[in-house]
Amino acid sequence: MMLQLIKLELTKTMRSTSFAKSVLVAVFLGFLAVLLLSYLLILGLVLKEVIEEVFKTTDTLSVLNSYLIYFFLFEFMVRYFTQKLPVIELERFLHLPIKKSRIINFLLGRSFVSPLSLIALLLFTPFAFRVIAPEYGSQGAWTWLFSILLASWSLHWFMLWFKQKFEDSFIGLIVSFAVILLGVGSSYYGWFNLGELIKPFFDYSLTSIIPVACLLGLCIGMYWLAYSFYTKNAYLEDLSKEEEVRFVNSNFGIFDRFGLAGELANLEWKLIIRHKKSRTYLMLAGFFLLYGLIFYTNPLYKSDDGFSHMFVFVGTFITSIFMLQYGQLFLSWNSANFDFFLNKRGGVEALVKGKYLLFVVTSAFCFLASVPYVYFGWEILLIHLATFLFNMGVVIHLVIYLSLWKPKPMDLNKGAMFNYEGVGIAQFLMMLPIFLGPYAVYFPFALLINQYAGLLALGITGVIGIIAGPYLSSFPVNKVLKNRYEISSAFRQEL
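Each value, and the rule that gives it
- Residues numbered from 1 in each chain as written.
- Predicted model: local features only at pLDDT ≥ 70, side-chain atom pairs only at ≥ 80, totals over all residues.
- Heavy atoms only, no water.
- Helix = DSSP H or I, 4+ residues; strand = E, 2+ residues; numbered from the N terminus.
- Buried < 20%, exposed > 50% of the residue type's maximum accessible area, 1.4 Å probe, protein only.
- Contact = heavy atoms within 4.5 Å.
- Areas by Shrake-Rupley, 256 points an atom, 1.4 Å probe, with all protein chains shown as cover.
- Polar contact = N/O pair within 3.5 Å; in protein donor to acceptor, adjacent residues only side chain to side chain.
- Salt bridge = Lys/Arg side-chain N within 4 Å of Asp/Glu carboxyl O.
- Patch = residues over 30% accessible without salt bridge, like charges linked within 9 Å, V, L, I, M, F, W, Y side chains within 5 Å.
- Expected span 1.5 Å × (residues − 1).
- Bend = angle between axes of the 7 residues up to and from the residue.
- Axes fitted to C-alpha atoms, helices over the stretch in contact; angles between N-to-C directions.
- Parallel < 35°, antiparallel > 145°, perpendicular 65-115°, else oblique.
- Nonpolar A, V, L, I, M, F, W, Y, C, P; charged D, E, K, R; others polar.
- Phe/Tyr/Trp six-rings, centres within 6.5 Å; stacked < 30°, edge-to-face > 60°.
- Left-handed = near helix turned anticlockwise from the far one by under 90°.

J.: Help me out: how do you make sense of the overall build of the protein in this one?
T.: The secondary structure content of the protein amounts to 25 helices and zero strands. A buried classification covers 47% of the 495 residues belonging to the protein. Within the protein, counting contacts between residues at least 6 apart in sequence, those at least 24 apart form 79% of the total. For the protein, the exposed area adds up to about 25300 Å²; of that, 69% sits on carbon and sulfur atoms.

What follows is the structure in structure tokens.
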């Protein structure tokens, strides 16, 4: 029966009208996966030397066991954002005369065939036989390695259940960030070290098979948790969980005063929450608000005579992260219903201006959320204010105008990670003027006068752009109207 399911899957793929394109994408992603996995294998081969160099110690095994928790925390985060769910495939199998249990087992088993399942194997196998085997023998190396592998694979099955149950609500996002912040923050501030709590367990695996047995039981338990959940809810109306209506249908009241453009901005917000890819971008925007902690706490960027020029880039990134991610696919989000706006009087103008409103409001929220960075100095708040004004006056127009160069269709229900639908060369090239633009204004004044003069120039340029906003926003509107038939034809092409 499993062979029959595999045959059906291959037949479906080969009969697709976009088979050639799918093969090319698969080859490219396969090459990328092999490249990344080869880097992991190389890291595994030199892991002993890396630990010795970073921690200045020869007891590399003890250090690694105490830091394994952070590997699992990182893996948890990666799996949350990249691991795909097998739910969508159910609709192609549930009508067949096949037992539901076999379909679920097939889909769960196929989900395990992923580069994510090889990360722990490639990273820790060389270390096990280079460091552990000479001291504890091959049995110690195998039991330690299997302990790590079973813990990693348990995360795979757990994530299948966790994402399906909580991904459509902010509970999943809150839990994910809480796990990461609790693990990393507790060690950073010296409250307690999670690594030291689980270190004895992996130390014990060097001399006993009991940890392997415990983790094998955990892995089987996590598989059963996912299996029982999917079997119980193996109905399309159940697995396609309804959104929380009160949240999804909520409006930004500030948009109501802007007429049709405001209505479309409200509609755009609802679509962001409803669809998987746009919702992932929203989640990532919240995560990247913590980007400043990498730079503002790093002594390398401290300066006695001001602040690092790098902070201008950080401020630009933090105060406009959602606009940069979402805006680079400006019209692709509406590829499925673009003809509706063409046929509606003033529809294109309202669509573009509605997105302007959405970008302004979300960027304002990002700026307000970044205010606590003032803890690291008042100059950080000035940087964020200046870059926010520049983003609203200049960058927002660059993002929108550059994104209109040959937009491509996109399926909103697919995830954001390793999904290149809607992405073209324009999305890569547009990053250059967006991130170099602030420095083109900032550097002349910063070098000739001082850094604060550069920030003032950024802010004033942004204010001028905001005042000229109605005029500048007419350029993308006219460009869409001029190329509307070409864009509409491109959006009708099959993905």
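J.: I would appreciate a short explanation of the side chain of His397 in the present structure.
T.: Within the secondary structure, His397 is located in helix H19 (residues 378-402). Of the residues examined, His397 reaches a relative accessible area of 12% and is grouped as buried. In this structure the side chain of His397 is engaged in a polar contact, spanning 2.9 Å, whose partner is the side chain of Tyr356. In contact with His397, other than residues within four places in its own chain, are Tyr356, Met392, Gly465, Gly469, Leu472 and Ser473.

J.: How should the environment of Leu282 be read in this particular structure?
T.: Examined against the element boundaries, Leu282 turns out to sit in helix H13 (residues 276-288). For the pair Leu282 and Ile272, spaced 10 residues apart in sequence, the C-alpha to C-alpha distance is 7.8 Å.

J.: For this particular structure, what's the right way to read the pattern of salt bridges?
T.: For side chains bearing opposite charge, pairing can occur when the charged atoms are close. Inspection of the entire model under this criterion finds five salt bridges. The partner of Arg130 in a salt bridge is Glu49, and the shortest N-O contact between them spans 2.8 Å. Residue Arg130 is located in helix H6 (residues 119-166), and its partner Glu49 is located in helix H3 (residues 47-55); the two are separated by 81 residues in the primary sequence. The salt bridge partner of Glu53 is Lys56, with a shortest N-O separation of 3.4 Å. Lys56 shares its class with Glu53; the two are exposed.

J.: Help me out: how do you make sense of a nonpolar patch on the surface in this one?
T.: Taken together, the side chains of Leu41, Leu43, Leu45, Val46, Val50, Val54, Phe55 and Tyr67 define a hydrophobic patch exposed on the protein surface, amounting to about 640 Å² of accessible area. Of all the secondary structure elements, the ones that give two or more residues to the nonpolar patch are helix H2 (19-45) and H3. Within the secondary structure layout, Phe55 lies in helix H3.

J.: How should I be thinking about H6 in this particular structure?
T.: Note on helix geometry: an α-helix contains 3.6 residues per turn, so any two residues three or four positions apart are oriented the same way. When the terminal C-alpha atoms of H6 are compared, their 25 Å separation across 48 residues is substantially less than the 70 Å that a helix rising 1.5 Å per residue should span. Considering bend angle alone, the principal kink of H6 is centred on Tyr136 and spans about 130°.

J.: It is not clear to me how the packing of helix H12 (residues 259-274) against H13 should be interpreted in this structure. Could you clarify?
T.: Working note: a packed helix pair is described by the angle between its axes plus the distance between those axes. Relative to each other, H12 and H13 sit at 90°, their axes nearing to 5 Å. Relative to H13, the element H12 lies roughly perpendicular. Note on element contacts: H13 touches H12 through Lys276, Ser278, Arg279 and Leu282, opposite Trp269, Leu271, Ile272, Ile273 and Arg274. Residue composition of the contact of H12 with H13, grouped by class: five nonpolar, one polar and three charged.

J.: Would you take a moment to explain unusual backbone geometry for this structure?
T.: Peptide bonds are mostly trans, and most non-glycine residues show a negative phi. Notably, Lys56 is not glycine yet its phi reads approximately 55°, a positive angle. Along the chain, the position of Lys56 falls in the loop between H3 and helix H4 (60-82).

J.: In this structure, what is going on with the packing of aromatic side chains? I would like to understand it.
T.: Each pair of aromatic rings is reported with the distance of its centres and the angle of its planes. Enumeration over the complete set of coordinates arrives at 27 aromatic pairs. Geometrically, the ring pair formed by Phe127 and Trp144 is tilted, given 5.8 Å between the ring centres and 40° between the ring planes. This pair shows no difference in class: Phe127 is buried, exactly as Trp144 is. Considering the side-chain rings of Tyr439 and Phe443, the 5.1 Å spacing of their centres and the 25° angle between planes classify their relative orientation as stacked. With Tyr439 and Phe443 both in helix H21 (residues 431-448) and four residues apart, this pair spans about one turn of that helix. The class for Tyr439 is buried, based on a relative accessible area of 16%. Connected via pairs of aromatic rings, a cluster forms that spans Phe71, Phe72, Phe124, Phe127, Trp144, Phe201 and Phe202.

J.: Just to check I follow, could you spell out the packing of H21 against helix H22 (residues 451-467) for this structure?
T.: At their nearest, the axes of H21 and H22 sit 7 Å apart, and the two run at 140° to each other. When the axes of H21 and H22 are compared, the pair comes out oblique. In the packing of H21 onto H22, the handedness of the crossing is right-handed. Taken together, the residues of H22 that come into contact with H21 (itself represented by Pro438, Val441, Tyr442, Phe445 and Ala446) are Gln451, Ala453, Gly454, Leu455, Ala457, Leu458 and Thr461. Considered class by class, the residues forming the contact of H21 with H22 number nine nonpolar, three polar and no charged.

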